[in-house]
Every structure is written in C-alpha cells, then in structure tokens.
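Here are the chains, one letter per residue:
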Amino acid sequence: MDLSKVAVSINKAINTQEVAVKEKHARTCILGTHHEKGGHTFWAAINRLPLSSNAVLCWKFCHVFHKLLRDGHPNVIKDSMRNKADLTDMSRMWGHLSEGYGKLCSIYLKLLITKMEFHIKNPRFPGNLQMSNRQLDEAGENDVNNFFQLTVEMFDYLECELNLFLGVFSSLDMSRSVSVTAAGQCRLAPLIQVILDSSHLYDYTVKLLFKLHSCLPADTLQGHRDRFQEQFKKLKGLFYRSSNLQYFKRLIQIPQLPENPPNFLRASALSEHISPVVVIPAESSSPESEHVVETDDLVDTDVPVLPVPLETKFDDLFGTSAAIDPFNFNGQNGLRKDDKDRLIEQLTREIQALKDELESFRLESGRLCQALRGRVNELEAELAEQSHLRLQAAGESEFLKAELDDLRRVREDTEKEQRSLTEIEKKAQANEQRYSKLKEKYSELVQSHADLLRKNAEVTRQMTVARAAQDEVDAVRREMQEKVKAAQEVAGRQSSEVLGTQLLALQSEKAELVQCVSKVEAELAVRGEELQRVQSSLATERESGVKTAEALQNQLNEKESREQALESQLVSARWSSLQGAVEEAEKIIQDSLAQIDDPAHISCTSSADYLASRCQAALDCMGRLHSATEAFLADDTGVSALVRVVTQCGHLVGDTIVQGSATSHMVPVEQADALSDSVKACGTEALALLGQMKQQSSMYAADSGKLRAALEAILATAEKLRPRGLELQQGELGDLVEQEMASTSAAVESAAARIEEMLNNSRAVDTGVKMEVNERILAACTELMQAIKQLVLSSKNLQKDIVEGGRGAASTKEFYAKNSRWTEGLISASKAVGWGATVMVDAADLVVQGKGKFEELMVCSHEIAASTAQLVAASKVKADKDSANLQSLQKASRGVTQATAAVVASTKSGKSQIEEKDTMDFSSMTLTQIKRQEMDAQVLVLELETRLQKERERLGELRKKHYELAGVAEGWGDQVEG
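First things first, this report covers the structure right here in the doc. (Residues numbered from 1 in each chain as written. Predicted model: local features only at pLDDT ≥ 70, side-chain atom pairs only at ≥ 80, totals over all residues. Heavy atoms only, no water.)

Looking now at empty space enclosed by the protein. Inspection of every chain in the model, using the stated rule, returns 5 cavities of 30 Å³ or more. Along the walls of the largest cavity sit 13 residues, with Leu 625, Cys 649, Gly 650, Leu 690 and Leu 707 positioned nearest its centre. At the level of secondary structure, the elements contributing two or more residues to the lining of the largest cavity comprise α17 (496-596), α18 (608-634), α19 (639-664) and α20 (669-694). Among the residues forming the lining of the largest cavity, the class breakdown is 12 nonpolar, 1 polar and no charged. (1 Å grid on protein atoms, 1.4 Å probe; cavity = no way out; pocket = protein on both sides within 12 Å on 5 of 7 lines; lining within 4 Å. Points joined across faces, edges and corners; volume = space filled by probe spheres on them. Helix = DSSP H or I, 4+ residues; strand = E, 2+ residues; numbered from the N terminus. Nonpolar A, V, L, I, M, F, W, Y, C, P; charged D, E, K, R; others polar.)

Time to look at the pattern of salt bridges. Using the criterion set out here, one finds 21 salt bridges in the structure. For Glu 230, the salt bridge goes to Lys 234, with nearest N and O atoms at 3.5 Å. One end of the pair is Glu 230 and the other is Lys 234, both in helix α12 (residues 222-243) and 4 residues apart, which spans about a single turn. Of the charged contacts, one joins Glu 951 and Arg 954 as a salt bridge, the two residues approaching to 3.8 Å between their closest N and O atoms. Highlighted residues: Glu 951 and Arg 954, both in helix α28 (residues 927-970), separated by 3 residues, approximately one helical turn. What makes Glu 951 partly exposed here is its relative accessible area of 39%. (Salt bridge = Lys/Arg side-chain N within 4 Å of Asp/Glu carboxyl O. Buried < 20%, exposed > 50% of the residue type's maximum accessible area, 1.4 Å probe, protein only.)

Another point: helix α7 (residues 100-121). With 22 residues, α7 extends 33 Å between its outermost C-alpha atoms, agreeing within 8% with the 32 Å of an ideal straight helix rising 1.5 Å per residue. The element α7 is largely enclosed, with a buried count of 16 among its 22 residues. (Expected span 1.5 Å × (residues − 1).)

It is worth spelling out the nonpolar core at this point. Core analysis: the largest hydrophobic core is formed by 92 residues, its most contacted members being Ile 14, Phe 42, Phe 61 and Phe 125. It is helix α11 (residues 191-213) that provides the largest number of residues to this core, a total of 13 residues. Apart from residues lying up to four places away in sequence, Phe 61 is in contact with Ile 14, Phe 42, Trp 43, Ile 46, Leu 51, Leu 87 and Leu 109. Formed by 46 residues, the second largest nonpolar core is a distinct cluster that contains Ala 585, Ala 628, Ala 686 and Leu 721. (Core = buried A, V, L, I, M, F, W, Y, C linked by side-chain atoms within 4.5 Å. Contact = heavy atoms within 4.5 Å.)

Two elements in contact, α18 and α20, have axes separated by 14 Å at closest approach and are oriented at 20°. Taken together, α18 and α20 sit at an angle that is classed as roughly parallel. The way α18 lies across α20 gives a crossing that is left-handed. Listed contacts from α20 to Leu 611, Met 622, Leu 625 and Thr 629 of α18 are Leu 675, Leu 689 and Met 693. Partitioning the contact of α18 with α20 into residue classes produces 6 nonpolar, 1 polar and no charged. (Axes fitted to C-alpha atoms, helices over the stretch in contact; angles between N-to-C directions. Parallel < 35°, antiparallel > 145°, perpendicular 65-115°, else oblique. Left-handed = near helix turned anticlockwise from the far one by under 90°.)

Compared with the 38 Å implied by 1.5 Å per residue over 26 residues, the 37 Å span of α19 between its first and last C-alpha is a close match. When you tally the buried positions in α19, you get 21 out of 26 residues, the bulk of the element.

What follows is the structure in structure tokens.
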C-alpha cells in the first residue's frame, strides 16, 4: 500500500467539517498501520494539523485515533506513548472550556490516554479488548493481588468511557432528532467505539469480581461492589438511551444489561451471567451513508470530476462487437451513404463537444492552479509576517531582559543605600548611648559638688560656734581678773583668815577656769586644722569639678557636631536615593514615548482589556505615590517607601503608554488619534511631575492630579473599546430571560430556607453572646432575602409592562431580540443577584459555625446591593416614569438597601461583641523596648503593604478573567460592538 495514499486518507478523515468520519478513510488509515507495522505515518500527518486551535478537528482526530488503538497494528499503542505528554497538555488546554467540542475533546483525550496506559501496563490485553476466559486468567497470573489491581484499573478505564458517554449526551438536545443531522452524527459516531470497549470492560469486571469474592472476604471488597453498582446503573441507562437513537439502529446492535446487577455474594450467580455481545451487521451502512443533506452529497470535493473517456462513450453508443461495428464496411451490407454521412456528422459533433468539455476542464484546472498559487503566496506572506513577529518578539525579549537588568541594578543600589542608612542609624544610636553615660557622670559630679558645699557650710557654722565660745572664755577671764582686783582692794579691809579662805577659793576657781580655757583652746586648734583641711579639699574638688565639666562640655559639643554631620549625611543619602529613583522613572517614561514613535512599533498590537488593567494598576499606584509623598514631606525617614512607589509608578505609566499606543493600532482612525493624544499627554504629565519631584524646593508644590486625569482619560477610552460580545439567537433571548429570572427566584428561596435552617440549628446548639449574635445576623439576612424576593417580583412585573407596552404587533421573543443589549443586561444582573444570594448564605453559614470571617459576610452584602442596583437599573431603563410597577420597584430597591445596611450593622456589632480588644499600654515599657516594637511595627506595615499590592493586582487579574469567562459562558464571543 502506498503510504502517500494513507496520508491523504488521514487528511480527508480528519478535517474541520462537522460531519462524521467516513468509514472508507478510517479503514485506509487502519490498513496503513498494518502495512508499516506501526503508527509513524499517522503521527507524522497529525503533527502538521492545528489540533489545539480547532475543536472539531481535534474531536475527529480522537475518533480516528480510537479506531487505530482498537483495530490498528499493536505497535500503534507503543508508537503513540511518546506523544502522551502532548495529548495531556492538549486535554488540559481544552478542559478550560465549559461547553461545546472543547469540553468533549478534553474528556476524549483523557480516555485515550487512560486506554494507552492500560494496554502498556497490561500488554496481554489487545487494543480491541477481545479475550477468552483462559487469557483473562493468564493476565492475572493466578495472583489475587494482580486480580485486585486489574479490577481497579478496569474501573478507572470504564469510568473514562462513561464520562465521554455522558458528556456527548449532555451536549445534545435530545428533544430533537439530532441523530439525523450532520452535527449530531459527528458527536455520536465515536460512541460506537465506546460501546465496544464498555461491553468488554463490563464483562471482565463481573468475572474478576466473582473471582475475587471466591478468594477474599466480602468486607474487603465492599468498595469494589459500591463502585460496580454505580457504574452498572450508568452503563445500563446509556445503553438503553443509545439503542433508541435512529443513528445506531442500522450501524450497531447494542446489548441490554440485566434488570439487576449480579449478586457477587452468591457464587452460583456467575452461571447466570450472560456476556453482553455487540453486533455490527456485515452490510451495515457507514455513517456517511445516512440521509444528511450536506454539500458533500451534491459534490464530492475530495475526488475531482473527470470527463468520461471518448472510447467509453463510443462503446456506450455503438457497442464493442465487431459484428455491429459501423466502421467495419465488410460487414455493412446495404448501408446507405446518407446514413454514413449522418453518422460521421454525429460523431464529429460528439468529438467537438468532448473537445469543448476538455477545454473547459483545462480552464477550470488552470483557474484552480492559479487559486492554489495565490494561496501559496498568502501562506508565504503569512510565514514572512510570523518570522517578522518572531524577530520583533525576540527584540522585545532582549529589551525586557535589559530593563530587568536595570531594575536589578537599581534594586541593588537601593539595598546598598538602605544598608548604609542602617549603619548610620546604628552609629547614631551608639552616640546616643555614649551621651547618656556622659550625662549620668555629669549628674554625679554635680551631686558631689553639692555635697561638698553642704559640708563647707557645716564647718563654717562650727567655726562660728567655736569663736563664740572663745569670746565667752575671754569675757569670763576678764570678769575673774576684775573679781581678783576687787578682792585685793577688799583684802585691807577684811581679816587675813577670811582673805585666805577667799583666796583659796578663787585660786581653785581660777585653776578650773584655766583648765576649761585650755580645753576650749585645744578644741579650737583641732577645729581650725579640720577647717583648713576641708577648705583645701573643697578647693581641690572645685578645681577638679570645673575641669570635668569643661571636658564634658567639650565632649557634648563634639557629639552634637557629629550628630549634625551624620544627620546631614543621612538626609543627603535619602535625597540622592530618591533622585536616583526619579531619574530612573524618567528614563523609563522617555523610553516608552520613544517606542511609540518608532516605526517598528506600528506592528505591535494590544487589547483594550489589557490596557484597562494596566491603566487601573497605574491609577492605584498614583494613590500610593500621593500617600508616600505626603509621608516623606512630613517625615523624611520614610524615603524607602517613596523610592519603591516612584519606581513602580514609572514602570506602570510607561507600560500604559506602550500598551495604549499598541491598542490604538487596532481601533478606528478617530478613536486611535484620540487614544494616541491621551497617551502622549499622559507621558508629558508624568515627566512634569517627576521633574518637580527631583528638586527639593519644588517637591512641596508637586501635583499628581493632572497625571491622574490623563490616566483616567485613557481608562475611559479603554472601557469604551472593550468587546461587548455577539448577539444571541432570537429564539433564545426571551427564554433565557425567563429562565434566569426563575433561577434567581429559586436561588433566593433556597437561600431563605437555608438561613431559617441555620437559625434553628444555632438556637439548638449555641448559648449566650454567640447565640445572640448569630440570631441577630441571621435575622438580618432573612430580612435581606425577603427584600430581594420582593425586588425580583417587582422587576418581573415591570418587565411585563415594558414588553407589553413596547412590542406592538411583535411577539415577546422578537421584542427581547430587538432590544438584545437591554435583554443581556437583565440576564447578567439576574445571574449576579442569584449568585450573590447563594454566596452570602455560604458566608453566613461559616460565620455561624465560627469558621468564617465577618468581613466576608459584609463584602457579600455589599455585592448583593450592587447586583440588585444593577438589576433595578437594567429593569427601569425602558420603563415609563409614571408606571406604578416602577414605583414599586424603586420602593423594593430601597428596602434591599436598608436590609443590606442592617446586615452590615449586625455583622459589625457582632464582631465587636465577640472579638477582644487589645489595649495599647506602653507605660511599663522601656525606651529600648518601645524602639524595638516600633521597628517590628514598621516591618509588619511594609509586609502588609506588599501583600496588599499583590492582592490588588490579583484582584485585577481575577476581574479581567471574570469578564472574559462571562462572555464565553454566555456565548457572546469577542466581536466588538460598533
């Protein structure tokens, strides 16, 4: 067999047309694997197909690959294992889609990977799984452990088959005859292979379970029995549904499983088991023979239509027998000349007609060749463009690498400056400690000096007392001398005896006084010596104190001068680091402005969604820049935060400029010019702001308002350019509105019932403050659910008025289709209300259980308020201002707002009741401890700021992804609304 024909058949079998794979092409692929004894040609052709970009193409590849794994050469499984990683990645990629062929492709690829792994691990099983009972026993090698593991693997294998079965049926509208449409047959055709695999897997699983129950206890196999029961129910229902489809009735005879599953606990039940047999009729029509009105039924584009050969038409006209040959004149007896002329003329006309037909086919082939050449030229141009884009991407990658190196260098410089600032602060702290010690020493000297002064005053007082005593002694001596003199005068007048007695008395008194005077003089001499010693010591201490005070004053002056030098050095370092960051930000913005003027930038494109996310990030950073600037002007020690914010703002604004210019290349000319002007104005304002921040004198007057206004203008333009989605079909919009409103009502009713159940459970379990808090919160949530229920009812009534008043002679569905944007708003708002009610109930449940956060419940309440406001706005946009239902809707909206406020107030009150408040008492802390606490608090603040920034960025990405997925889920596509 020619392998080129196999490659052609592969390309014909696997194409983008949503029709079933033709059996003849699949059969050629299978024969090709047996001819080359492997699947190299198949995978060589598959690797050239864009399976990751077209879901229908991938689905038909899975179908053909499944056939090859079953009926192809055994080496196909081994050759395919080297592509297992690519198939896994493709399955993961298609799994991101929630509907259509993408989801089915993900399930099918998982099944094929499981099938390959099973046959590689169990090589005794052929690809079509057809085995005898003896071969099945040999596969387990008579080991109960092997049979146990083999049963688990078969369960996993059959689970993947059932998942594909259910996925295909759930994707089809079974209320219509989908099996007679091309799209339905395309999805149903692979299920023939699934039915063949599933019947064998079910049979082998039953036999293995009976074998295991004969060797192991029944309790050990309880899990196996439960899993078999679940798969039995699914497989029985799927076989029954498949047998009723018209598509399968002529292609395959599907067996029916017994009413009840086998009883494995009774060994004799094995004899009652009947293996399901799938019968494929020998003369069954292939899937492509079904009556489907397609273009292939009219013209086969795969096989070119060739003109009928001349001799064939000649034979059809005159036959091939020589006996009736008109040119055999030997046997043409009695043929007239006129008949011969007419025959010649007829043949001439036939020849001319055939020549004309041949010429027309030649012209058609030339036209096709010209078209193919044009297609080749287009592909070559596209290849050249891709090469150019690759080179451009490489250049941008180099630029980003260089920018990353610059950022790393700036970060290293900043870290060095931060380390130098830390060292300076450490030196300042050491000087402060040294100053404290000197101050304590000076205080001690002052105290000693005061003590000496007090001692000097005491000695002076004692000397004063001693002098007073000396004066008293002198007075007594003078008095005695006067008495002696008086006694001598009286002595001539008294008798000698009396005089002698008085003289003796006076002499003894004199001796006593002399002795007393001697004592006083000795004491005075001692006090004088002590006074001289104290005075000399005082003079010495005074002189030493003066010298020490002078030394301390000198040291204090030196410390103050060093502190001033260090402070000026620190201020200079802070300012230089800030200037470096500002200059780096200026370079980034200047480079961005230069890029948008570069002719090579014309080929760069971007989306409005990405531009909006970058612009929003820049606006958030502007808020942080304003706060950091005010903090720096109030206290210049916080320069590190300002440096980080300035650098980040430079990058974000520069990125916004580049992405804005790239987005302008994808929009109409007028909007592109407006966007380009806004981008350039943003760059100009950014450079002006950074120029003000470079100078310390003008930094106080720096105003970021103009730059913020420019960014907001870019953001507004990006919001206008966001894709709005495609229109839904007319017949689906009206039904979808009613379904979503009904779903919202059901969600609100379910939420109210759950809240009532939680309230009853809380009353039965909780006590005290917790029960009081839970009752208050759940009561507020109940009131909110009632208010939302009333709001939904009012919205329905108002919508009826709007439809009845505006549709005229048209039907309701036509009115919804005509006003599709308004209808889509109603659908989106209704979904948001129902989802918000469900999420809030989940949050309330966690809070009541003590596992949730009060803040989450408050956020859910605000989300519900926003969703209901959206529903009100969408409902009343077409309503009559004097409508009674509009007044009712507005009243219900106010009720929702009040109920939301009540939920938030109850949640805050409950949080304040339950959570303990930490008192900030720093009275018992020392200076060092307070300093340490302050440093820890600063570190925590920086960590929380970094985490807040990351969470904001994550929130922005989540919102962006939400908008994208919301459009995909609604089936609106990516078309931009005009």
